[in-house]
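Spelled out from the first residue to the last, the chains are:
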Amino acid sequence: MKATTTDPITSDPRFTPADRSRLSANRIASPGLPLWKQRTYSIFRHRLSLLGLLLLVVIIALALVGPLLVPYSPSSQSLLKTNLPPSADHWFGTDDLGRDMWARTWSGARISLLIGFTAAAIDLVLGVLIGGIAGYCAGKGRTGDRIDSLLMRIIEILYSIPYLLVIILLLVVMKPGLLTMIIALSITGWVGMARVVRGQILQLKQQEYVLAAQKLGTSHAKIIFRHLLPNAAGIIIVNLTFTIPSAIFSESFLSFLGLGIQSPIASLGTMANDSLGVILSGQWWRLFFPGLMISLTMFAFNAFGDGLQDAFDPRSNR
Amino acid sequence: MYIVKRFFTMLLTLWIIVTLTFLIMHMIPGDPFSNDSKTIPEAVLQNMRARYHLDEPLAVQYALYLKNLLVLDLGPSIQSKTTDVNTLIARGFPPSALLGIQSIVIALIAGIALGTVAALFHKRPLDYISMFIAIIGISVPSFILAPLLIKYAAVQWRLFPVASWGTWQHTILPSLALSVTPLAVIARFMRTSMLDVLQQEYIRTAEAKGLSTWSVVIRHGMRNALIPVLSFIGPLFASVITGTFVIEKIFAIPGIGKYFVDSIFNRDYPVIMGTTIFYSVILVVTLFLIDLSYRIVDPRIKLSSKGD
């Protein structure tokens, strides 16, 4: 009689019910660092990308309105006021043709950003398209595999040529200028993005929700645009924050060599190159401002991209 | 089997590069002598065109170029009538190679050290400092850094020669300037890779065996962490090669990079083509060797044609 109402285990004094609060306390939520250290770390990581974002906003804003703040046009020369150091009149000084460095620096930054964003936008479209097709076709019958391996072969070959060499060759053939620069940067720039997107799509394709969608008869386009691309968006955005500074770097590099943007249009690279001859004679501002602007822009994008990468990749936030 | 297949892919890549370069260079309207057509009589121009086979159809020129390439003849230079592209490359290669190798060595040693330190002191001040240095290194282009190095290290403090070529001291500043970007990139790669490795079980085993931190890090950590870094050596080569274009210009070093940039402005097409092909060969062969080497370094990667 007694045995049917009480459970032999719960009635046994050697057994006690488990304390649930202790169970959850045993779970290790994070590595053994003091809380303040974790906080400083996450604030630091956050702060760096925050700093990058802030810098970007300031740089973009000044690139847009900067040249309008002074009464000089970036290309107007004044032979009476050559090689002036920074002053109240000319905030960044003037160059050897008496052109205002403030106006030139910011309009150069404008060109850099324009090229960076346009090239990155084209890279994005081409890279996602080509990488997406390759990744989606892979493993889909014989034709699918052929398309994938053909695209991968093209990517492999383009990847093994130094991209700046290709750009230089194209610049030799075409007329130097803004449009040429953007075309030349885009011809090679999509390769990195395509590789990343293909890898990501290959991985995502294995997921159960894609299989479910396929079994339910969802069209290819819908699977690509509703299921695959949105899930690959994180890595695409992160890659984009590194594509933009690399395009900006290429522009200033080529302009520095004299192959990019041509005078009288201001470019940070050309300005840096022009300063080479005079930096030893004490005209530090000729190199300092364009150099600082290139470096700050690159820093801002890289810092921001780092933060984004951490945000999208939980693994790196150990 | 994999090696053979990979080898033929490499040859195919090179052939495509040569063909593309040839076609791009011949897309230019006119020929290298178009600018001289006012000063030189037509008959002489005809002779000069014939000398460089510019009067032949494109296909014939292409076949001739390929034929010469097979015997490693990159053709004559149009600008300097006495030298050919082979001589230019033979003359320019030693300085460029010295610079390149020195800067790669600096970048590898310092980058690996910086990345390892950052990983070992993960989330501590040394980590932040190393990564801050790395992000600065990525942000400041070599052509901004080089003039600063000249101004301070060479002119003000008189530590090194300002420019040109001669003694070993001349190579230090350009090599430093060239190494900064790849150094920073390697440091970041190394940190991520090292952090991954330090979490592996064999590291815990090594620690549990009572090995010193030093030998855990060097023998077990670094060797494994280096494998992903190896894959960056290809892009590293490319970045150093293109870096020499500006560095050799800034420091007035008579290397291939300088000849290449000069040939662009002189529209010396055979030199442009020759150097482009030369660079591509170096890079493609390097990529091939790296691919082989890390399949040997890491036995877990199978030497099969499938995979990747």
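Source: prediction; values computed, not measured.

Caption draft 1: Broad picture of the nonpolar core. Judged by nonpolar contacts, the single largest core of 149 residues is most densely connected at Ile167 and Ile168 of chain A together with Ala177 and Ile186 of chain B. When neighbours within four sequence positions are excluded, Ile186 of chain B is seen to be in contact with Ala107, Leu108, Gly111, Ile112, Gly115, Val229 and Phe232 of chain B.

Caption draft 2: Representation of the environment of Ser246 of chain A. Residues and elements named next belong to chain A. For Ser246, the location among the structural elements is in helix α10 (residues 220-257). By the C-beta count within 10 Å, which is 20 here, Ser246 ends up buried. Note: C-alpha distance between Ser246 and Pro13 (233 residues apart in sequence) is 71 Å.

Caption draft 3: Spotlight on the packing of helix α6 (residues 142-156) of chain B against helix α10 (residues 233-250) of chain B. All names here are of chain B. Close contact between α6 and α10 brings their axes to 10 Å; oriented N to C, the two are set at 25°. Accordingly, the angle class assigned to the pair α6 and α10 is roughly parallel. Here the hand of the crossing between α6 and α10 comes out right-handed. Contacts between α6 and α10 involve Ser142, Phe143, Ala146 and Pro147 on the former and, on the latter, Gly243, Val246, Ile247 and Ile250. Classifying every residue of the contact of α6 with α10 by side-chain character gives 6 nonpolar, 2 polar and no charged.

Caption draft 4: Region of interest: the interface of chain B and chain A. On the chain A side, the residues contacting the 34 residues of chain B number 33 residues. For the side of chain B that touches chain A, the secondary-structure elements that each account for two or more residues are α1 (2-26), α5 (125-139), α6, α10, α11 (256-265) and α12 (269-297) of chain B. Sort the elements by how many residues they give to the side of chain B that touches chain A and α12 of chain B lands first, with 7 residues.

Caption draft 5: How the structure looks around helix α6 (residues 141-159) of chain A. Residue and element names in this part refer to chain A. Given a rise of 1.5 Å per residue, 19 residues ought to cover 27 Å, and the 27 Å separating the end C-alpha atoms of α6 matches this to within 8%. Those residues of α6 that sit buried are Asp148, Met152, Ile155 and Leu158. All buried residues of α6 lie within an arc of 120° about the axis, which places them on one face of the element. Facing away from the buried side of α6, by more than 90 degrees, are the exposed residues Arg142, Thr143, Arg146 and Leu150.

Caption draft 6: Highlighting the confidence of the model for chain B. Residues and elements named next belong to chain B. Looking at chain B as a whole, its pLDDT mean stands at 81, while 92% of the residues score no less than 70. Taken element by element, the predicted model of chain B shows its lowest mean pLDDT in helix α2 (residues 42-51) (75) and its highest in helix α4 (residues 85-120) (88). Interface confidence for the predicted complex, expressed as ipTM, amounts to 0.80; the pTM equals 0.80.

Conventions used here
Residues numbered from 1 in each chain as written. Chains lettered and ligands numbered in written order. Predicted model: local features only at pLDDT ≥ 70, side-chain atom pairs only at ≥ 80, totals over all residues. Core = buried A, V, L, I, M, F, W, Y, C linked by C-beta atoms within 7 Å. Buried ≥ 20, exposed ≤ 12 C-beta atoms within 10 Å, placed from the backbone. Contact = placed C-beta atoms within 7 Å. Helix = DSSP H or I, 4+ residues; strand = E, 2+ residues; numbered from the N terminus. Axes fitted to C-alpha atoms, helices over the stretch in contact; angles between N-to-C directions. Parallel < 35°, antiparallel > 145°, perpendicular 65-115°, else oblique. Left-handed = near helix turned anticlockwise from the far one by under 90°. Nonpolar A, V, L, I, M, F, W, Y, C, P; charged D, E, K, R; others polar. Expected span 1.5 Å × (residues − 1). Arc of directions from axis to C-beta. pLDDT = per-residue confidence, 0-100.

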